[in-house]
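# Descriptive analysis of the structure
One letter stands for each residue in the lines below.
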Amino acid sequence: MQAKWLDIGPVTQIEPGMAATLPVIGGDEIAVFHTMRGEFYALVNKCPHKQGPLSQGIVHGDSVTCPLHNWKISLRSGEALGDDEGCVPTIPVKVDAGRIYLLREAVVPAKAALQAEAA
Amino acid sequence: MNAQTSFDKAQPLRERLPEKLVVIGNGMAGCRAVEEILARDPGRFAVTIFGAEPRVNYNRIMLSPVLAGEKTFDEIVINTAEWYAENGVELIAGDPVDHIDRERKTVVSRSGRVEPYDRLLIATGSDPFIIPVPGRDLPGVVTFRDLDDVDKMLAAAEQGGDAVVIGGGLLGLEAAHGLSLRGMKVTVIHLMPTLMERQLDEAAGWLLKQELERRGQTILTGADTAEIVAKDGHVGGVRLKDGRQIPADIVVMAVGIRPATMLAKTGGIECERGILVDDHMVTSDPDVLAVGECVQHRGQCYGLVAPLWEMCRALADHLTEQKLDGSGGYQGSVTATKLKVSGIDVFSAGDFSGGDDGEDIVMRDAARGVYKRLVLRNNRIIGAVLYGDTADGNWYFDLLKKEEDVSDIREGLIFGQAFALGAGALADPNAAVAALSDDAEICGCNGVTKGKVVQCILGGAASLDAVRSGCKASASCGSCTGLVESLLALTLGDEVQAGAKTMCKCTSFGHDDVRRLILEKELRAIPQVMQELHWTTPDGCASCRPALNYYLLCAWPGEYEDDQKSRFVNERLHANIQKDGTYSVVPRMWGGLTNPRELRAIADVVEKYDAPMVKVTGGQRLDIFGIRKEDLPAVWADLNAAGMVSGHAYGKSLRTVKTCVGSEWCRFGTQDSTGLGVTIERMTWGSWMPHKFKIAVSGCPRNCAEATIKDFGIVCVDSGYELHVGGNGGIKVRATDFLCKVATEEEALEHCAAFIQLYREQAHYLERTAPWIERVGLDHVKRAMFDDPEAVKRLAARFRYSQTFMQDDPWAKRAAGDRSDLHSHLATVVPAPTEYA
Ligand code: SRM
Ligand SMILES: Cc1cc2nc3c(=O)[nH]c(=O)nc-3n(C[C@H](O)[C@H](O)[C@H](O)COP(=O)(O)OP(=O)(O)OC[C@H]3O[C@@H](n4cnc5c(N)ncnc54)[C@H](O)[C@@H]3O)c2cc1C
Ligand code: SF4
Ligand code: FES
């Protein structure tokens, strides 16, 4: 049986205020964020506006500003903030004993069982 | 027998011989659990406690003051030998339990003692985590968990010398503090960029670091330990992954704890990270209970004492089948932490990532070194971080735990309990200010009284800015901005004018003020600017962070360390992001010149990386499109090999120096415009600026290089060089202003450097030269450059000095492996192979 949570490595691999990417074969690339406040979040790496790579935005508080046209996206809900409208799927994250885990079933469409391979 | 026990009538009465309760762990939770049971039903159990430590139960958290010399061991004992005797509790100290036999319901100790139980309580606490680096077993490497550890540290401190503490969390900092008080030279090595990152935000972590450094500790953040090195068979030092080596006579590992579950696991009790327990602290075996740091309750493990007290109450209620509290078992805890380092007040509680509907209330008082931040959601406090003044920590924590609605006291909340709950009038800041006497001081920095501020306002100052320039109130650190705004409102009512634009919503200061104050107050880091200038958000926003990063870089050349997380993606990745998330790469072609080697290298890159397009840009060079972030370093390496460097087509920096053919070939050319363009580009490339900066050199007034729509343009004439500034060919076309005419190339270069430096030092971030000159006026620029005959020289010298730090190719560094994290994926998720079978 596959564990419910997918281990994607130590918390130290993403510096606070930055994000890193996790391509998913057969699914959407995921952006994993580490906020300056030390929280971890994961979103599909596609801005609801025009699919900009959110992982490359500037992270502040618990939102990220998209690098393409400056939409502000909530890392908690994936929703566009302010006057903009749209939402990107979020992936539940947990941190345990210094490692980051993503909820496996949220990483790709159901069925496919997964494993993470270090790049 | 015990009068309190209520017998259930439906149950047959049985002979109530005391049941046998065995406790494993004579620590804070184990003993407290026994105390709670005794308080409820003293005769119910015959209790035996096994303790691995050869001593009675003591207050573990006070080991820090013991290390620091503020307390003795005797002062921190909780249960004396007499207590055990009086309560009929048998203590077997110094003999750890090695085995649990649930079949026979016995435990076996290291000395071979076999003890039967009816109920078993596991309270084994945690084990310090040891990072698996070479040298971790050397003598002189210690952890910080029990009295023996403290004794080892004290023995080392007697010899003096160097101590290295690995881990900048609560425990590590308390160890560092103690060792430093005991006379050792202490270095703290912390993996994360901020200290105590689990409890503190960046702002508070930064203040803490400053204070510890002021006290003489060396704090290395973002430092990863590679190895503990030996000297004569003992610890000799610590080597970091970046190669640095720190001498050490003792190394304290304080990187974290792991619930001590080994015993439970081998006894067949269900464990995950900790021993799994229900709300009554019962494990997967109904006769075995567990309490303290070793347990995992509703997915949570705790590392503080407060939750243990609650667990112990729930456990005792259950074991004695009664509820003194009337509670329905243990519900989990919200925790608060304080750092026990004398003279440093730090408090943190709850969740400080507010979320969408979360709001921050931030108060900074730089003069007192205070930073307070409350996080609210739905009018309830959900988190608090306090630095410097923690007096109200417990009050906030109480409001947080009770989930109290704070709408009514919101205005004054951040000023603390006394203020917020004071006389009703005080909760309204305007009323409070109105009540102040005329000679009450409003602005401490500049000694301005309320009377003076009001006078200034009545004298015509109708905005915050006007007051700032009129009487200096609020012009220095800004902490009295709220008071001045109240006075404006009280004095003028609706007539108050909105001030000049502030940098962003995080501050009440405009760009000019921030730039001035960075220099005046010698502010050298983003969190320092935010603290000293009373930023109202904890970590700024996407518009002030890049601006501050630039201002600091400009103010402190060579000293300021560029903050990558405050950079827009293009500048972080040294390439232009495209609409599909790939990047374009533009190598520099000095003055628009190229050669077969460069062209061949570009052609090779296009083929090798399958670039879908290569294009001649409007800036006289070639742009390669569609490169993935992972391939960028390799592409750059290939281009570097042909002698090309970054063209900074992505940067708020020098872009291109456009040239025409000039006197070398053109029948009209008056000077070597191409050669001059190349020299200028060599002088100016790599410089960071408020916005992008373009230069052109035309060989004659026909101006084929379009020098009169550039930020700095040179038009060559027979008698010398006409210098033009402030042109723009973009959104709003603006032709340049004529600055001056010079006779020689050297002068042209000197003036170019001086003009750029003036722009770098004075313009607002994201303001190009055209709008900057429109705003300040050409006269201002001319005066700044020419009133003082030495000005050009001085400005140019500052520019050249700053360039000595800027002119190493960012691509080369990345190609050599720098910041490879920015160019790689964490991992790739692939469907497990079996799924295809
Ligand atoms: C590649 C290039 C177009 C081309 O194919 O020729 C280009 C491409 C972009 N320009 Fe430009 N500009 C290019 C020459 C120009 C020129 C012509 C010149 O430099 O002689 C101008 C007008 C001259 C000027 O700047 O005064 C120009 C005025 C702009 C502007 C308007 C600036 C303004 O102050 O009004 C922007 C928008 C901005 O900077 O905010 C802009 C912004 C952009 C951006 C960076 C848009 C963006 O933010 O992503 C484009 C990046 C495309 C990409 O994905 O790589 N580009 N852009 C040219 C690169 C030149 C180079 O070698 O570095
Ligand atoms: C230096 C220091 C400072 C701290 N400061 C604070 C603070 O300021 N605030 C705060 O809330 N918390 C603080 N803590 C944490 C706090 O001390 C712990 O949360 C608390 O002690 C946990 O209690 P416990 O009973 O679960 O574990 P412990 O107190 O560690 O007790 C477990 C005991 O079980 C024993 N044991 C383990 N295995 C066996 C075995 N097989 N057989 C017999 N005995 C065994 C151990 O030797 C130990 O004595 C601090 C901790 C340290 C080390
Ligand atoms: S003109 Fe507009 S579309 Fe063309 S490159 Fe410049 S910014 Fe992009
Ligand atoms: S794609 Fe993100 S803002 Fe446009």
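Note on numbering: residues in each chain are counted from 1, in written sequence order. Starting at A for chains and at 1 for ligands, labels are handed out in the order in which the entities are written. Whole-chain, interface and lining totals are the exception, using all residues; otherwise, since this is a predicted model, local features are given only for residues with pLDDT of at least 70 and side-chain atom pairs are given and counted only at 80 or more. Excluding hydrogens and water, the side-chain figures rest on all heavy atoms present in the structure.

Secondary structure summary: chain B contains 28 helices and 37 strands in total. On the principal axes, the C-alpha backbone points of chain B span a range of 120 × 75 × 60 Å. Per-residue accessibility takes into account occlusion by the displayed protein chains alone, with areas from the Shrake-Rupley method and a 1.4 Å probe. Accessible surface, chain B as shown: approximately 35,500 Å² in total, 50% of it carbon and sulfur. The charge count includes Lys and Arg as positive and Asp and Glu as negative, but it does not include His or the ends of the chains. Taken as the charge location is NZ of Lys, CZ of Arg, CG of Asp or CD of Glu. Each charge sign in chain B was given a centre, from 93 positive and 116 negative side chains, and these centres are 4 Å apart. In DSSP terms, a helix is any run of H or I states spanning at least four residues, a strand is any run of E spanning at least two, and both are numbered starting from the N terminus.

Moving on: the interface of chain A and chain B. Here, residues are in contact when the closest pair of their heavy atoms is within 4.5 Å. Contacts between chain A and chain B engage 52 residues on the former and 50 residues on the latter. Buried area is understood as the total, over both parts, of accessible area removed when two parts are fitted together, assessed with a 1.4 Å probe. In total, about 4,200 Å² of surface goes out of reach between chain A and chain B, with carbon and sulfur atoms giving 60% of it. The three residues of chain A that bury the most area against chain B are Met36, Arg37 and Ile58 of chain A, which together make up 18% of that side's buried surface. By definition, a salt bridge exists where a carboxyl oxygen of Asp or Glu is found within 4 Å of a side-chain nitrogen of Lys or Arg. Linking chain A with chain B are three salt bridges. Two residues, arginine 273 of chain B and aspartate 96 of chain A, come together in a salt bridge whose shortest N-O distance is 3.1 Å. Each polar contact in these results corresponds to two N or O atoms within 3.5 Å; when the atoms are within protein, one needs to be able to donate a hydrogen and the other to accept it, and residues that are neighboring in sequence are counted only if both atoms are side-chain atoms. Across the contact surface, chain A and chain B share nine residue pairs in polar contact (both at pLDDT 80 or more). Those elements that provide at least two residues to the side of chain A that touches chain B are strand S1 (5-10), strand S2 (18-22), strand S3 (30-34), strand S5 (58-60) and strand S11 (114-118) of chain A. The residue makeup of the side of chain A that touches chain B, split by class, is 27 nonpolar, 15 polar and 10 charged. Any residue outside Ala, Val, Leu, Ile, Met, Phe, Trp, Tyr, Cys, Pro, Asp, Glu, Lys and Arg is labelled polar, Gly included; the first ten of those are nonpolar and the last four are charged.

Considering the arrangement of structural elements, one finds isoleucine 731 of chain B in the loop between strand S35 (720-725) and strand S36 (737-742). Considered as a pair, isoleucine 731 of chain B and glutamate 750 of chain B are 19 residues apart in the sequence and their alpha carbons are 30 Å apart.

Turning our eyes to something else, we now look at the confidence of the model for chain A. Averaged over chain A, the pLDDT score is 86; the fraction of residues at 70 or greater is 88%. Summary of the metric used: pLDDT quantifies the predictor's per-residue confidence within the range 0 to 100. Within chain A, S3 of chain A carries the highest mean pLDDT (96), whereas S11 of chain A carries the lowest (52).

This part takes up the packing of helix H25 (residues 769-776) of chain B against helix H26 (residues 778-786) of chain B. Residues and elements named next belong to chain B. Axes here refer to lines fitted to C-alpha atoms; in helices the fit is confined to the stretch in contact. Angles between the N-to-C directions go from 0 to 180 degrees. Taken N-terminus to C-terminus, the directions of H25 and H26 make an angle of 90 degrees; their axes are 6 Å apart at the nearest point. Compared by their axis directions, H25 and H26 come out roughly perpendicular. Contact with H25, carried on its side by Trp772, Ile773 and Val776, involves Leu778, His780 and Val781 of H26 and no other residues of that element. The scheme is simple: roughly parallel for angles under 35 degrees, roughly antiparallel for over 145, roughly perpendicular for 65 to 115, oblique for anything else.

Residues and elements named next belong to chain B. When you line up the elements, arginine 515 lands in helix H17 (residues 511-520). Here arginine 515 is buried and forms no salt bridge, its nearest opposite-charge partner aspartate 512 lying at an N-O distance of 6.8 Å. With residues near it in sequence (within four places) discarded, arginine 515 still touches Tyr550, Tyr551, Cys554, Arg760, Glu761, Gln762 and Ala763. Any residue under 20% of the maximum accessible area for its type is buried, any over 50% is exposed, and the rest in between are partly exposed; the area is computed with a 1.4 Å probe on protein chains only.

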